[in-house]
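Inside the fold
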Amino acid sequence: MKDNSNIQKYKRLAPFYDKFMGNRLFRKARQQAFSEIEVRKGGSLLLVGVGTGEDFLFLPADASITGIDLSEDMLRIAESKRNSKDITLFQMNAENMEFGNQKFDVVVLNLILSVVEHPEKVLEKSLNCLRQGGTLLVFDKFIDSNQKPNVIRRLLNKITSAIGTDITRDFHKIKSGFPIEITKEYKTINDLYTIIVARESLSNDISV
Ligand SMILES: C[S@@+](CC[C@H](N)C(=O)[O-])C[C@H]1O[C@@H](n2cnc3c(N)ncnc32)[C@H](O)[C@@H]1O
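Report on the accompanying structure. Nothing here was measured: the structure is a model prediction, and the numbers come from that model. (Residues numbered from 1 in each chain as written. Predicted model: local features only at pLDDT ≥ 70, side-chain atom pairs only at ≥ 80, totals over all residues. Heavy atoms only, no water.)

**Observations regarding the site of the ligand**
Neighbouring the ligand are 20 residues, the closest being Tyr 17, Arg 30, Gly 49, Asp 69 and Asn 110. Between the ligand and Asn 6 there is a distance of 3.1 Å, counted from a nitrogen atom to a side-chain nitrogen or oxygen. Tyr 17 has a polar side-chain atom sitting 2.7 Å from an oxygen atom of the ligand. Top contributing element to the shell around the ligand by residue count: helix 1 (residues 3-21), with 4 residues. Among the residues making up the shell around the ligand, the classes are represented as 11 nonpolar, 6 polar and 3 charged. (Near = heavy atom within 4 Å. Polar contact = N/O pair within 3.5 Å; in protein donor to acceptor, adjacent residues only side chain to side chain. Helix = DSSP H or I, 4+ residues; strand = E, 2+ residues; numbered from the N terminus. Nonpolar A, V, L, I, M, F, W, Y, C, P; charged D, E, K, R; others polar.)

**So, a nonpolar patch on the surface**
Side chains of Ile 152, Leu 156, Ile 159 and Ile 163 sit close together on the surface and give an oily, nonpolar patch of about 400 Å² of accessible area. Examined against the element boundaries, Ile 163 turns out to sit in helix 5 (residues 151-163). Judged by relative accessible area, which is 46%, Ile 163 ranks as partly exposed. (Patch = residues over 30% accessible without salt bridge, like charges linked within 9 Å, V, L, I, M, F, W, Y side chains within 5 Å. Areas by Shrake-Rupley, 256 points an atom, 1.4 Å probe, with all protein chains shown as cover. Salt bridge = Lys/Arg side-chain N within 4 Å of Asp/Glu carboxyl O. Buried < 20%, exposed > 50% of the residue type's maximum accessible area, 1.4 Å probe, protein only.)

**Some thoughts on the nonpolar core**
By size, the foremost hydrophobic cluster in this structure holds 33 residues, and its most contacted members are Phe 34, Leu 45, Phe 56 and Phe 139. When residues of this core are traced back to their parent elements, those giving at least two are helix 1, helix 2 (24-35), strand 1 (44-48), helix 3 (72-80), strand 3 (86-91), strand 4 (104-110), strand 5 (130-140) and strand 7 (193-200). Sort the elements by how many residues they give to this core and helix 1 lands first, with 5 residues. Ignoring anything within four residues of it in the chain, the contact list for Phe 56 reads Leu 47, Val 50, Ala 78, Lys 81, Arg 82, Lys 85, Ile 87 and Leu 89. Core analysis: the second largest hydrophobic core is formed by 28 residues, Ala 94, Phe 99, Phe 171 and Ile 180 among them. (Core = buried A, V, L, I, M, F, W, Y, C linked by side-chain atoms within 4.5 Å. Contact = heavy atoms within 4.5 Å.)

**Notes on the pairing of strand 2 (residues 64-69)**
For strand 2, a buried count of 5 out of 6 residues is recorded, marking the element as mostly surrounded by other parts of the structure. Judged from the 5 bridges that link them, strand 1 and strand 2 form a sheet pairing that is parallel. Bridging from a neighbouring strand, Leu 45 pairs with Ile 65 of strand 2. Pairing of strand 2 with strand 3 involves 6 bridges; the strand directions are parallel. Bridge assignment links Ser 64 to a residue of strand 3, and that residue is Asp 86. (Pairing = 2+ DSSP bridges.)

**As for helix 4 (residues 119-129)**
All buried positions along helix 4 are accounted for by Pro 119, Val 122, Leu 123, Lys 125, Ser 126, Leu 127 and Cys 129. On its buried side, helix 4 packs onto strand 1, strand 4, strand 5, helix 6 (171-175), strand 6 (180-188) and strand 7.

**A look at the packing of aromatic side chains**
Per the counting criterion, the structure on display carries 6 aromatic pairs. Geometrically, the ring pair formed by Phe 142 and Phe 171 is tilted, given 5.5 Å between the ring centres and 45 degrees between the ring planes. Highlighted residues: Phe 142 in the loop between strand 5 and helix 5 and Phe 171 in helix 6, separated in sequence by 29 residues. Here the two residues Phe 142 and Phe 171 agree in accessibility, since each one is buried. An aromatic cluster is present here, built from Phe 26, Phe 139 and Tyr 193 joined pairwise through their rings. (Phe/Tyr/Trp six-rings, centres within 6.5 Å; stacked < 30°, edge-to-face > 60°.)

**Focus: the side chain of Asp 55**
Relative to the elements of secondary structure, Asp 55 occurs in the loop between strand 1 and strand 2. Apart from the residues within four sequence positions on either side, Asp 55 is in contact with Arg 30, Phe 34, Leu 47, Val 108 and Asn 110.

**Topic: the environment of Ile 182**
On the secondary structure map, Ile 182 appears in strand 6. C-alpha separation for the pair Ile 182 and Lys 11, spaced 171 residues apart in sequence, amounts to 34 Å.

This is the structure we're talking about:
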């Protein structure tokens, strides 16, 4: 999905996003995802494609949080939910994101790899931002590893892609070639979504 079209799509979606994605099922899944990671006191998290800030509820109170998103309409809603947490928001393209020497303890990729035009680029940039030994947390709607999407899913994808998300992506394919080791992976929300915890693997240690 092209960046400009994503800006337009999420401009249209922003006013309704929380009605669909802020429901009980999604909140439970987000809570489940964040319960899988440990954040040290005062640790730093980067939320890539932060959207309307639906993740804010589940972040540790004393963490330092940075969120980026392409859409100013989504960011405006996130801004209104910043509450008392240490949250800094930037309008930025995840495919080109740069934070200089700043490294994060956790990079969160929730519902973003299925949305961006080049998910591999976003994964590469995310790894660049991750401190050594840091954690990648991913929550998204991937197909099963090395499976072809079935006809129904491909047809449905025409609709979901027009709205703003591709439901035919395979995280294992996206991550191939990157030094990433998955430490936990399981399905949630009626097996439609996947939660993945991963870390940068040491050299010669690339997992499947
Ligand atoms: C499905 S929403 C997910 C939002 C949030 N992560 C969540 O879990 O609810 C996808 C978000 O990615 C943003 N987005 C799309 N393309 C992007 C890009 N290239 N760089 C940064 N954000 C992007 C959209 O504006 C939107 O806010």
